[in-house]
Amino acid sequence: MVAISESDLKTSLGALILGGMVCTGLTGIVAMQTVLYFRLFSRDQFSTKLKVAVVSVLDLLHSAMIAAANYMYFVSNFGDTGITDRVFWAVGISIALTAILTVLVHLFFALRLFKLSKGNYWITVPIAFLAVARVVAAFVTTVELIRLGSFYEFGQRFRWVFTLGLVLSSVVDFLITGGLCFYLRRNRTGTGRFDHILDSVTLYTVENGLLTSVTTLVSLIFWLVKPHVLIYLGLHFAISKLYANSFLASMNARKILRAQSQSQSGSGHRLPVIFTSRGMRHSNADQLNLGTRVQITVDKTVDYATDDHPDSISTDQKGHAQSKV
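Turning our attention to the environment of T177. With respect to the element layout, T177 can be found in helix α5 (residues 151–186). Owing to a relative accessible area of 13%, T177 belongs among the buried residues under this scheme. For the pair T177 and L113, spaced 64 residues apart in sequence, the C-alpha to C-alpha distance is 9.2 Å.

So, in structure tokens, the structure goes:
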């Protein structure tokens, strides 16, 4: 057990409680986006709904682990000046849940990149491999943290494992964001309206990718600079929430992008394949204009003959009628 100064103790406990509060707020946003998704996209495929449900459940479990960990730090061990060096089982499980959520979101966006790049395995396969390697590093971190029960001991023996996990997470974020932006820019056609939609998608992709990667990088920096202060752990609490919100925001953004795409249907372009859905596919027959009017004039001549005056010349009476269609 390592000696902890009073300032480090206060900083660590403050980071934990602030991280827990941020997690609670972000969990509320995840819940709101989940409800919004099921209301807006009730006709989505079952597999898509299952993805959203799994992410939401994992997020709730993660929040429960954070709440349990904070209870152990602030209530069960109240007054223990060395408490910030102890690792409770809830902390270890929260790290594993963060890794699971991260890899699910990474693979989701990697699949989008695969479709957008028209099946480019050279880009998507390495990304998927790095994402899985990040999960393995997180599981090793979880097991060793719980086994050792001390952040100091873990830092002395397995510091590189946790570092590797954070680095891989940031690298995958940058690769996915860069790849999506690159292929979105390649889809530009020079048409102002359609390019405006692509610009919106590109900006959205950059914002989501930077938010998760910057948070992970800041957590990594504090882990490397001040491993004895739990600021990195408080930031790590929020990482899974950011990934969950990024995933759900991407799903719900289809509503706005679909409306923009339909409003620009006259340009003859569609949104990139990463944002298409069944509801956005229209038959070409719907766009066929059959509104041409045809006007027809019909002339009729009718002869009438009478037998009352045989010697008289039969009188031809002509009636003229016109009908318009």
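Resuming the write-up.
Moving on to the packing of aromatic side chains. Tallied over the entire structure, the rule returns 11 aromatic pairs. Look at W223 and Y232: their rings are 4.9 Å apart centre to centre, the planes differ by 65°, and that puts the pair in the edge-to-face class. The two residues W223 and Y232 agree in class, both being buried.

Moving on, we come to unusual backbone geometry. For K118, which is not glycine, the phi dihedral falls at a positive 60°. Mapped onto the fold, K118 is located in the loop between α3 (89–116) and α4 (121–148).

Looking now at α5. Maximum bend of α5: about 85°, positioned at F158. If you check the start of α5, you find a side-chain oxygen 3.2 Å away from the backbone N of Y152, and it comes from S150.

Bringing a nonpolar patch on the surface into the picture now. Residues F174, L210, V214, L217 and V218 make up a contiguous nonpolar surface patch of about 370 Å² in total accessible area. Of all the elements, helix α6 (residues 192–225) adds the most residues to the nonpolar patch, at four residues. With respect to the helices and strands, the residue V214 is situated in helix α6. A relative accessible area of 43% places V214 in the partly exposed class.

On to the confidence of the model for the protein chain, then. The predicted model of the protein chain averages 79 in pLDDT, with 71% of residues at 70 or higher. In the model, residues 265–298 has pLDDT below 50 throughout and makes 49 contacts with residues more than four positions away in sequence or in other chains. Contacts of residues 302–325 to residues separated by more than four positions or lying in other chains number 26 contacts, the stretch itself having pLDDT below 50.

Turning our eyes to something else, we now look at the packing of α3 against helix α7 (residues 231–252). Here α3 crosses α7 at 30°, and the two axes come no closer than 9 Å. What the angle tells us is that α3 and α7 run roughly parallel. Considering the relative orientation of α3 and α7, their crossing is left-handed. Only L233, H236, F237, I239, S240, Y243, S246, F247, S250 and M251 of α7 make contact with α3, whose side of the interface consists of V91, S94, I95, T98, L101, T102, V105, H106, F108, F109 and R112. Each residue belonging to the contact of α3 with α7 can be placed in one class, and the counts come to 12 nonpolar, eight polar and one charged.

Parameters and conventions
Residues numbered from 1 in each chain as written. Predicted model: local features only at pLDDT ≥ 70, side-chain atom pairs only at ≥ 80, totals over all residues. Heavy atoms only, no water. Helix = DSSP H or I, 4+ residues; strand = E, 2+ residues; numbered from the N terminus. Buried < 20%, exposed > 50% of the residue type's maximum accessible area, 1.4 Å probe, protein only. Phe/Tyr/Trp six-rings, centres within 6.5 Å; stacked < 30°, edge-to-face > 60°. Bend = angle between axes of the 7 residues up to and from the residue. Polar contact = N/O pair within 3.5 Å; in protein donor to acceptor, adjacent residues only side chain to side chain. Patch = residues over 30% accessible without salt bridge, like charges linked within 9 Å, V, L, I, M, F, W, Y side chains within 5 Å. Areas by Shrake-Rupley, 256 points an atom, 1.4 Å probe, with all protein chains shown as cover. Salt bridge = Lys/Arg side-chain N within 4 Å of Asp/Glu carboxyl O. pLDDT = per-residue confidence, 0-100. Contact = heavy atoms within 4.5 Å. Axes fitted to C-alpha atoms, helices over the stretch in contact; angles between N-to-C directions. Parallel < 35°, antiparallel > 145°, perpendicular 65-115°, else oblique. Left-handed = near helix turned anticlockwise from the far one by under 90°. Nonpolar A, V, L, I, M, F, W, Y, C, P; charged D, E, K, R; others polar.

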